[in-house]
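Analysis of the macromolecular model
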Amino acid sequence: MGETFGEAVFSTGMTGYQETLTDPSYHRQVVVMTAPHIGNTGVNDEDPESKRIWVSGYVVRDPARTPSNWRSRRSLDEELTAQGVVGISGIDTRALTRHLRERGAMRVGIFSGAAVADEATLLAKVQAAPQMKGADLSGEVATAETYVVPAIGTKKFTVAAIDLGIKGMTPHRMAERGIEVHVLPATATAEDVYAVGPDGVFFSNGPGDPATADHPVALMRAVLERSTPLFGICFGNQILGRALGFGTFKLKYGHRGINQPVQDRTTGKVEVTAHNHGFAVDAPLDAPSDTPFGRAEVSHVCLNDNVVEGLRLLDRPAFSVQYHPEAAAGPHDAAYLFDRFVSLMEGQRA
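Small disclaimer: the values here were computed from a predicted structure and weren't measured.

**Quick look at the overall build of the protein**
When helices and strands are tallied, the protein shows 10 helices and 18 strands. Taken over C-alpha atoms, the radius of gyration comes to 20 Å for the protein, in line with the 20 Å a tight globule of 350 residues would show. For the protein, the spread of C-alpha atoms along the principal axes amounts to about 65 × 40 × 35 Å. Out of the 350 residues in the protein, the part that is buried amounts to 55%. In the protein, the proportion of contacts linking residues at least 24 apart, taken out of those at least 6 apart, comes to 74%.

**A word on the pairing of strand S18 (residues 318-321)**
Side chains of S18 alternate between two faces, with Ala318 and Ser320 and Phe319 and Val321 buried alike. Summarising the sheet, strand S12 (residues 230-233) and S18 pair through 4 bridges and their orientation is parallel. Across the sheet, Ile233 pairs through a bridge with Val321, a residue of S18. In the sheet, strand S17 (residues 308-313) pairs with S18 via 3 bridges, with the strands oriented antiparallel. What sits directly across from Gly310, in S18, is Val321.

**Looking at the pairing of strand S1 (residues 2-11)**
Buried residues dominate S1, accounting for 7 of its 10 residues. Pairing analysis gives 7 bridges linking S1 to strand S7 (residues 106-112), with the strands arranged antiparallel. For Gly6, the partnering residue across the bridge sits in S7 and is Val108. Where S1 and strand S2 (residues 29-33) come together, 5 bridges link them in parallel fashion. When the sheet's bridge partners are listed, Ser11 is paired in S2 with Met33.

**So, the nonpolar core**
By size, the foremost hydrophobic cluster in this structure holds 35 residues, and its most contacted members are Ile162, Val193, Phe203, Met220, Leu224, Leu244 and Leu311. Those elements giving two or more residues to this core turn out to be strand S9 (157-162), helix H7 (190-195), strand S11 (200-203), helix H8 (214-225), helix H9 (235-243), strand S16 (294-302) and S17. A per-element tally of this core places H8 first, with 6 residues. The contacts of Phe203, once residues within four sequence positions are left out, are Ile162, Leu164, Pro216, Leu219, Met220, Leu230, Phe231, Gly232, Ile233 and Gly236. Counting residues in hydrophobic clusters, the runner-up holds 23 residues, among them Met174, Phe231, Ile233 and Leu337.

**Structural notes on the layout of surface pockets**
As a volume, the largest pocket reaches approximately 450 Å³. Lining of the largest pocket is provided by 21 residues; of these, Asp77, Leu80, Thr81, Gly87 and Ile88 occupy positions nearest its centre. Breaking the lining of the largest pocket down by element, the ones donating at least two residues are helix H2 (76-82) and strand S6 (86-88). Ranked by the residues each element gives to the lining of the largest pocket, the list is headed by H2, at 4 residues. Taken together, the residues of the lining of the largest pocket break down into 12 nonpolar, 7 polar and 2 charged. When its volume is computed, the second largest pocket comes out at roughly 320 Å³. In terms of lining residues, the second largest pocket is bounded by 17 residues, among which Glu49, Ser50, Lys51, Tyr147 and Ile166 are the most central. Of all elements in the fold, only strand S8 (147-149) and helix H6 (169-175) reach the threshold of two or more residues within the lining of the second largest pocket. Grouping the constituent residues of the lining of the second largest pocket by class yields 7 nonpolar, 5 polar and 5 charged.

Conventions adopted
Here the residue index of a chain counts from 1 through its sequence in written order. Owing to the predicted nature of the model, reporting of local features is limited to residues with pLDDT of at least 70; listing and counting of side-chain atom pairs is limited to 80 or more, with chain, interface and lining totals taken over all residues. Here the side-chain values reflect all heavy atoms present in the structure, with hydrogen atoms and water set aside. Numbering of helices and strands starts at the N terminus; helices are DSSP runs of H or I of at least 4 residues and strands are runs of E of at least 2. Here the globule rule is a power law, 2.2 Å times the number of residues to the power 0.38, and the radius of gyration is based on C-alpha atoms. Partly exposed describes any residue whose relative accessible area lies between the buried limit of under 20% and the exposed limit of over 50%, with all areas from a 1.4 Å probe on protein chains only and scaled to the type maximum. Only heavy atoms matter for contacts: two residues are in contact if any of them lie within 4.5 Å across the pair. Pairing between strands is defined by DSSP: at least two bridges between the two strands are required. Residues belong to one nonpolar core when they are buried, are Ala, Val, Leu, Ile, Met, Phe, Trp, Tyr or Cys, and are joined through side-chain atoms within 4.5 Å. The rule is simple: put a 1 Å grid over the protein atoms alone, call a set of points where a 1.4 Å probe fits but cannot get out a cavity, call an open set with protein on both sides within 12 Å along at least five of seven lines a pocket, and count a residue as lining if it has an atom within 4 Å of a point. Grid points are joined across faces, edges and corners, and a volume is the space filled by probe spheres set on the points. Gly is placed with the polar residues, together with every amino acid not listed as nonpolar (Ala, Val, Leu, Ile, Met, Phe, Trp, Tyr, Cys and Pro) or charged (Asp, Glu, Lys and Arg).

Okay, here's the thing in structure tokens:
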């Protein structure tokens, strides 16, 4: 019950709704699920990507009446109610998705109970809500204090991870590879980063407009100047783009879901990947570019619309992708990117 506002976006995943809801990159967004039946497996205590639900609203066509899964602890409806998330069902989500594809992501409001008023009043409230373009949000979702995710098995490397809205599975994927991950706040300085003695530096996913992220861009440039192995995903890819001197822009309706086709141009392999981004990097696709840190090229591209999905420096140990190789939820086609990060650190150590 109540009201909520945000940017209306759609996610094409047929599963993984729990990971979607708890992804900090969805902060201030109202998520429309294109799959018609949501909530079948209920909610468990193992799959959240953070400690809370971050979507500002949730739109589904047909919520499951009775969840059924051996790990389920409660229903999706119970979880949304407990966390105060306003949702709506019985919506023709396919028609709404087509509307957003044709006209672009837009501000939206969901109203129920005492919050319902006349149309003019509700429309005025939606129009008064802040837009996503120009929004600086990473500081609202990042950790306030540094914490450590220990390596699983023998420790091989130390990584400083800048939390711009990091998902819980990401440091776990690094820990599986013998990496001790120090997760630092979005406000971390270069001194904070190098105080942990990192073999590599990671920049996470996160919400908001990369054009506002001046502090992370300055921090990344400091890392690039030292030639420390660097890996960025999603928002981190946009930060690398800005650090190299490229622009960023808002996509009409973005890429969200776990079935987006991307080609790794370094190998020619096509991957099915997990996405959640409404902004992209504006970089040349046809040839390497000269940057303050040497030559850079577009390493990955989306096969649906030719959007830049990855960057790679040719003269320094740094790369990034616009999607989610930790794949929670989603296909594991891109898990090799964590191995590529390990290879960079091995090469630097050698």
